[in-house]
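For reference, the chains in residue letters:
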Amino acid sequence: MATAVEGGGGEAPHRSPEELVAKAIAPVKLQYLRPPPVRSSGDSTGGDGEVGKGKEKTGDASGSGLVKEKKSKRQLKRERKQQVQSVANMCTEVARTGNMDSCPFGSKCRFNHDLETYLAQKPADLEGTCPFDSEEKVCPYGVTCRFLGTHKQNLIIQSQDLQRRKSHEINNLDKDLQKSLWKGKVKFPKAEAQLKLLGLKGGKKERLETDGEQDEIKDESVKEGDKVEEESITDDESRPLKKSKNEVDAESTHETNNGTCCVEEDCENEIAEGKIENNSPKDSLKSSFKVDIVPKLQLREKKLIDFRGKLYLAPLTTVGNLPFRRVCKGFGADVTCGEMAMCTNLLQGQASEWALLRRHPSEDLFGVQICGSYPDTVTRTVELVDSNCSVDFIDINMGCPIDVVVNRGAGSALLTKPMRMKSVIQAASGIIDRPLTVKVRTGYFEGRNRIDSLVADIYSWGASALTIHGRSRQQRYSKLADWDYISKCSNNAPEKLNVIGNGDVFSYCDWNKHMSQCPKMSACMIARGALIKPWLFTEIKEQRHWDITSGERFNILKDFVRFGLEHWGSDNKGVETSRHFLLEWLSYTYRYVPIGLLDVVPQRLNWRPPSYYGRDDLETLMASDSAADWIRISEMLLGKVPEGFTFAPKHKSNAYDRAENG
């Protein structure tokens, strides 16, 4: 009897396509099925197997699995110091010019100046041409470039003749700004004025909030014990504070058309105490006590973005980098957004965090996503980004399920603190004229959805668009997204609020279904579907299933590598960085099953692919869930990996958190 193999299991009697679909297994045609490869227990795969405490499972170039010990911070610091002092770490100025005397630090430079020794041990050049070198300009990486043999000029380049590469990327961190952030010398006048106006200080709202006020916003289905459990995930600073006698409630503050405010309560107190005479009309009295604030922009004064019908590539941590977004733009993505950046890191001037804000000129409608715990942190970050970056909108993440983010009171943790959500959105939206958008999940715990009761409020607080991921924080990425609930939220939303649905869009059929069932929804955000098949945007626009060949898929990887070398550099460090992010991406792309191999079309995002043969050797290699095979694909594009190279995927996108952990 013919047998078929289920994903991740042993052999089983052949089942019909309907039975396989019911079990979330991709119904691959019988003639393409094969037994799963036999691997040792230590072999590395793309699955989510657990490893012993303090160890991580990796794949290496030889195909053998390794259990890699995690290193201490002191050990990592010592290794970094040794790496800086190694021969392979060439001084950038000497590398550019080819002149050992060109370094301004001379003998005090920490990096290597020995050109002959470096060239003797330098890895072999890669195939292809340098992405930077041309007749008009010289490669900025000089002798360290892995395409040195293709340079049109000699090794020795005089510094005065060197034409450095002009980066086409936007939103690069200015060195003077970085130093000012390091020293804490950057001022935030708009943010400080807005926080003062709203009665916010240090992330705490200076107003009286009773437990009853919190309960009015919380979902009625949440019991009292659950309420305590929800509030326990945040620190004491987030608890409501009583308003002092001399503090002014933000809701009693009235604004005038010229952007100044007058505090009615203080005026009346002074009249009662006899400090001023009440011999003038009330309006005249108000005008004599004015405090300069940031003019509050009405929605009609803000720049608006119409998201209706647009293909929106989701902000994707790690894999949603600039080279990947360029690939998606080539396939028809209309809206792109940078990876989530932490507010505290941006305010501290961390270069690695600011790199997440970079924008390519091809990204004509581009936003950045920030994540923070408190109104003051988020508002200052919004002002900083608004003043120093070219963006079309700013998105605040209130749905990230990652533990390290939630434990700081950010991301999904804000879903349990609606009053803090209000403070964050009100404060941030009041200081910019560009759209402010918010991304949330259905709720914190599974089965306790609450965003539908906050949709209208989020608009009134100042958000121009709301993206709803149809899962709770506890679900992470398990089970299917709840599109019925997304539709309910869009029906509750004000007419002018753009509601964007997110979750499990993997074909043009999914797009059409969700857009027709949720007529009030503006668009669908595409996340993991784009990671697995970035040509999804073309399928949606052309309304067809694309049976893409392995050669076409390999050309997409070639484009990514070329964009990666332009972004991260063509030296050895840039090549290995491009390789790392390519491998992270390949840990998603293997889940794609070609259209021609399926009994049921289209493929669903939750289907587990069984082991199968492709229509050619390359397609079979691309279907492998082994990290060793992903490394082989990277070697076809970026040459041999360094000795001892290992790789472990960063994300576990199928993780489901236990109930006790939220």
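Residues numbered from 1 in each chain as written. Predicted model: local features only at pLDDT ≥ 70, side-chain atom pairs only at ≥ 80, totals over all residues. Heavy atoms only, no water.

An unreviewed UniProt entry lists the chain under the name tRNA-dihydrouridine(47) synthase [NAD(P)(+)], from Rhynchospora pubera. On record in UniProt, under Cofactor (unreviewed entry), the comment for the chain is "FMN". One UniProt comment on the chain, placed under Sequence similarities (unreviewed entry), says "Belongs to the dus family. Dus3 subfamily." (UniProt positions renumbered as here; feature names shortened; annotations may be inferred.)

A.B. asks: So what exactly am I meant to see when it comes to helix 11 (residues 322-330) here?
C.D. replies: Owing to its 3.6 residues per turn, the α-helix aligns residues three or four sequence positions apart on the same side. Extensive coverage of helix 11 is indicated by the burial of eight of its nine residues. Those residues of helix 11 that sit buried are Leu-322, Pro-323, Phe-324, Arg-325, Arg-326, Val-327, Cys-328 and Lys-329. At the N-terminal boundary of helix 11, the capping side chain belongs to Asn-321, with an oxygen 3.1 Å from the backbone nitrogen of Phe-324. Gly-332, located one to two residues past helix 11, shows a positive phi value of around 115°. (Buried < 20%, exposed > 50% of the residue type's maximum accessible area, 1.4 Å probe, protein only. Helix = DSSP H or I, 4+ residues; strand = E, 2+ residues; numbered from the N terminus. Polar contact = N/O pair within 3.5 Å; in protein donor to acceptor, adjacent residues only side chain to side chain.)

A.B. asks: In this structure, what is going on with the packing of helix 6 (residues 189-197) against helix 14 (residues 375-388)? I would like to understand it.
C.D. replies: In a packed pair of helices, the relevant descriptors are the angle between the two axes and the axis-to-axis distance. For the pair helix 6 and helix 14, interaxial distance at closest approach is 8 Å and the crossing angle is 145°. Once helix 6 is placed against helix 14, the crossing between them reads as right-handed. The residues of helix 14 that touch helix 6, namely those facing Pro-189, Lys-190, Ala-191, Glu-192 and Leu-195, are Pro-375, Asp-376, Thr-379, Arg-380 and Glu-383. (Axes fitted to C-alpha atoms, helices over the stretch in contact; angles between N-to-C directions. Left-handed = near helix turned anticlockwise from the far one by under 90°. Contact = heavy atoms within 4.5 Å.)

A.B. asks: Teacher, can you tell me more about unusual backbone geometry here?
C.D. replies: Across residues other than glycine, the phi torsion is negative in most instances, and most of the peptide bonds are trans. Cis peptide bonds are those with omega within 30 degrees of zero, and the linkage from Val-601 to Pro-602 qualifies with 5°. Residue position: Pro-602 is located in the loop between helix 23 (572-589) and helix 24 (617-622). Positive phi, close to 60°, is recorded for Ala-24, a residue that is not glycine. Exposure remark for Ala-24: the relative accessible area of 14% places this residue in the buried category. Residues other than glycine seldom take positive phi values, yet Thr-318 does so here, at roughly 75°. Position of Thr-318 relative to the elements: it lies in the loop between strand 10 (312-313) and helix 11.

A.B. asks: Honestly, empty space enclosed by the protein in this entry has me stumped. Any pointers?
C.D. replies: Taking a probe equal in size to a water molecule and rolling it over the atoms shows the remaining empty space. For the structure on display, the rule yields four cavities of 30 Å³ or more. Estimated volume of the second largest cavity: approximately 120 Å³. The wall of the second largest cavity is formed by 13 residues, among which Arg-553, Leu-557, Leu-586, Thr-589 and Met-622 lie closest to the centre. Only helix 22 (550-568), helix 23 and helix 25 (627-638) provide two or more residues apiece to the lining of the second largest cavity. Taken together, the residues of the lining of the second largest cavity break down into 11 nonpolar, one polar and one charged. (1 Å grid on protein atoms, 1.4 Å probe; cavity = no way out; pocket = protein on both sides within 12 Å on 5 of 7 lines; lining within 4 Å. Points joined across faces, edges and corners; volume = space filled by probe spheres on them. Nonpolar A, V, L, I, M, F, W, Y, C, P; charged D, E, K, R; others polar.)

A.B. asks: Help me out: how do you make sense of the pattern of salt bridges in this one?
C.D. replies: When the charged atoms of two side chains lie near each other, side chains of opposite charge can form a pair. Following the criterion strictly, the structure yields 24 salt bridges and no others. Two residues, Glu-619 and Arg-615, come together in a salt bridge whose shortest N-O distance is 3.1 Å. The structure contains a network of salt bridges with shared partners spanning Glu-192, Asp-376 and Arg-380. (Salt bridge = Lys/Arg side-chain N within 4 Å of Asp/Glu carboxyl O.)

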